[in-house]
Amino acid sequence: MKKICLAFATLGALPAVHAQSSVDPSSVTMYGLMDAALVQERGISKLTSGVSAGSRLGLRGTESLGDGWQAVFTLEAGVQGDTGRSDQAGQLFGRQAFVGLNSPLGMLTVGRQYNLQSQALTDVADPFEGGMAGASTNLAGYSATRIDNTVRYTSPELRGVTATVMYGFGEHTGVAADQRSLGLALGYVNGPLTLRLARQSRGGDVGKADVNNTILAGNYNFGVATAFAGYGRNTGDGSTMFFAENPYGAAQAPAQSTDSRDAIVGVSVPLGATTLLASFIHKDDRNAANRDAQQLAIGATYALSKRSKLYVAYAQIRNRNDAAYMVGNATEVGTGNRALNIGLRHAF
């Protein structure tokens, strides 16, 4: 088996990963992505990191155990490319940190892992893939992108169908029962068609109802363009994006929506090295205040190579009845109802 030898001793206090013998059936790969952009939003101009996708540095590895079984791990650190600091509130491996087994029976992993509803939204329904000013996460859904202390199982693919279940142990002193989470997803891929149904539930705060985010997402590649669509339902305190600081200075401070629906449609059109992007999102607030919002986004990427691309994106949100949604990007929540991004990303 081909082996990748890696010496890596510069990230924090990580020990070196040394070259192994030629008969050792294991491999470790270092990978990463750096993204930086000029951002203009609500009178603010700045240079920021992780606009189209979060900047990161990671390690992933496998070891063959025989009979189709493998031990696997991933350690992925978020990096703020504009300052060099750690992302995800300073966590060393705040993006992903898990270990597990992959086998003919499926994959079982434990650690800090992605929320299934969030993955379905950004990976399947959003032409902006959860990044740039057009990020669907500006309006749609709202659960932690990643969840700690999780056990996740994904079934083998059977005629294009896979199923995933993820359980998160609360482990918050005094409120463990209120913070446990359960994620379920069912995916189907058949040629140009991708569909995914996902639901993420977690216990609400003490005395409050559970938080549930559900989405049906899909896309279809017609060759000349790929169409995207998604519909989501969000219930419970904390199920929808909320900014307690009242960013627009409304006479009546906005309240958190506890019952909403999301609809998203989008398209990506490849034109040689250029790909055009557009999406429209409607947030339907079912509470009495009826704080609806709509986001329209356009953008384009230009591939300099297989690993490097330039991008530009613009999005604007129309808030109703003192709703307070803001245009952010892959790593920031934004400061106003419109934003322009011009940036560069490089994967390695």
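Above this text sits the structure in question.
These figures come from a predicted structure and were not determined experimentally. (Residues numbered from 1 in each chain as written. Predicted model: local features only at pLDDT ≥ 70, side-chain atom pairs only at ≥ 80, totals over all residues. Heavy atoms only, no water.)

### Here's the deal with the environment of Gly236
Note the cut-off: Secondary structure elements follow DSSP: runs of H or I no shorter than four residues count as helices, runs of E no shorter than two count as strands, and numbering proceeds from the N terminus.
Looking at where Gly236 falls in the secondary structure, it is placed in the loop between β12 (226–235) and β13 (259–271). In this structure the C-alpha to C-alpha distance between Gly236 and Glu332, which are 96 residues apart in sequence, comes to 24 Å.

### Side note on the pattern of salt bridges
Proximity of charged atoms lets side chains of opposite charge pair with each other. The cut-off we apply is this: By definition, a salt bridge exists where a carboxyl oxygen of Asp or Glu is found within 4 Å of a side-chain nitrogen of Lys or Arg. In this scheme, a residue with accessible area under 20% of its type's maximum is buried, one over 50% is exposed, and one in between is partly exposed, where area comes from a 1.4 Å probe on protein chains only.
Under the defined criterion, the tally for this structure stands at seven salt bridges. Notably, a salt bridge pairs Glu332 with Lys46, separated by 3.1 Å at the nearest N-O pair. Taken as a pair, Glu332 in the loop between β16 (308–319) and β17 (338–347) and Lys46 in strand β2 (residues 44–49) lie far apart in primary sequence, 286 residues in all. On the basis of relative accessible area, Lys46 is assigned to the partly exposed category, the value being 26%. Linking Glu76 and Arg95 is a salt bridge whose minimum nitrogen-to-oxygen distance equals 2.7 Å. Pair noted here: Glu76 is in strand β4 (residues 69–78) and Arg95 is in the loop between β4 and β5 (96–103), with a separation of 19 residues, a long-range link. Neither Glu76 nor Arg95 differs from the other in exposure class; each is buried.

### Points about the side chain of Arg345
How we decide: Charged-residue counts in this description rest on Lys and Arg as positive and Asp and Glu as negative, His and the chain ends being excluded. Within 3.5 Å is the distance limit for a polar contact, defined as a pair of N or O atoms, with the added protein rule that one can donate a hydrogen and the other accept it, and that residues adjacent in sequence qualify only through two side-chain atoms. In this analysis, two residues are considered to be in contact whenever any of their non-hydrogen atoms come within 4.5 Å of each other.
You can see Arg345 is positioned in strand β17. Comment: no salt bridge for buried Arg345; closest opposite-charge side chain is Glu129, at 4.8 Å. Side chain to side chain, Arg345 and Ser52 meet in a polar contact 3.5 Å long. Residues within four places of Arg345 in sequence aside, it is in contact with Leu33, Met34, Asp35, Ser52, Ala53, Arg307, Ser308, Lys309 and Tyr311.

### Describing the pairing of strand β7 (residues 146–154)
Every regular strand shows the same layout, with side chains that alternate between the two sheet faces. Worth spelling out the cut-off: Only strands that DSSP links by at least two bridges are regarded as paired with each other.
Looking at chain direction, strand β6 (residues 106–114) and β7 are connected through seven bridges and run antiparallel. Residue Thr109 lies in a different strand from β7, and its bridge partner there is Arg152. Of the strand pairs in this sheet, β7 and strand β8 (residues 161–168) are connected by five bridges, and their pairing is antiparallel. By the bridge assignment, Thr150 is partnered in β8 with Gly168. Here β7 folds back onto β8 in antiparallel fashion, the turn holding six residues, of which Arg159 has a positive phi close to 55°.

### Some remarks on helix α1 (residues 116–125)
With nine of 10 residues buried, α1 lies mostly within the body of the structure. Along α1, the residues that are buried comprise Leu116, Gln117, Ser118, Gln119, Ala120, Leu121, Thr122, Val124 and Ala125.

### Description of the packing of aromatic side chains
Let me state the cut-off plainly: Side-chain rings of Phe, Tyr and Trp (the six-membered ring for Trp) are treated as a pair once their centres are within 6.5 Å; stacked means planes under 30 degrees apart, edge-to-face means over 60, and tilted covers the remaining angles. Criterion for a charge above a ring: Lys NZ or Arg CZ within 6 Å of the ring centre, and within 35 degrees of the ring normal.
One pass over the full model with this rule turns up two aromatic pairs. A centroid spacing of 4.9 Å and a plane angle of 90° characterise the contact between Tyr167 and Phe169, whose relative ring orientation is edge-to-face. Residue class for Phe169 comes out partly exposed when judged on its relative accessible area of 40%. Ring plane angle 55° and centroid distance 4.7 Å describe the contact between Tyr220 and Phe222, whose orientation is recorded as tilted. Looking at Tyr220, the relative accessible area reads 33%, which means it is partly exposed. Over the face of the ring belonging to Tyr31 we find Arg60, whose NZ or CZ atom lies 3.8 Å from the ring centre.

### A short note on unusual backbone geometry
Despite not being glycine, Gln88 has its phi angle at roughly 55°, a positive value. Examined against the element boundaries, Gln88 turns out to sit in the loop between β4 and β5. One non-glycine residue, Asn149, adopts positive backbone phi at about 55°. In this structure, Asn149 sits in strand β7. Note on Asn149: relative accessible area 31%, which makes it partly exposed.

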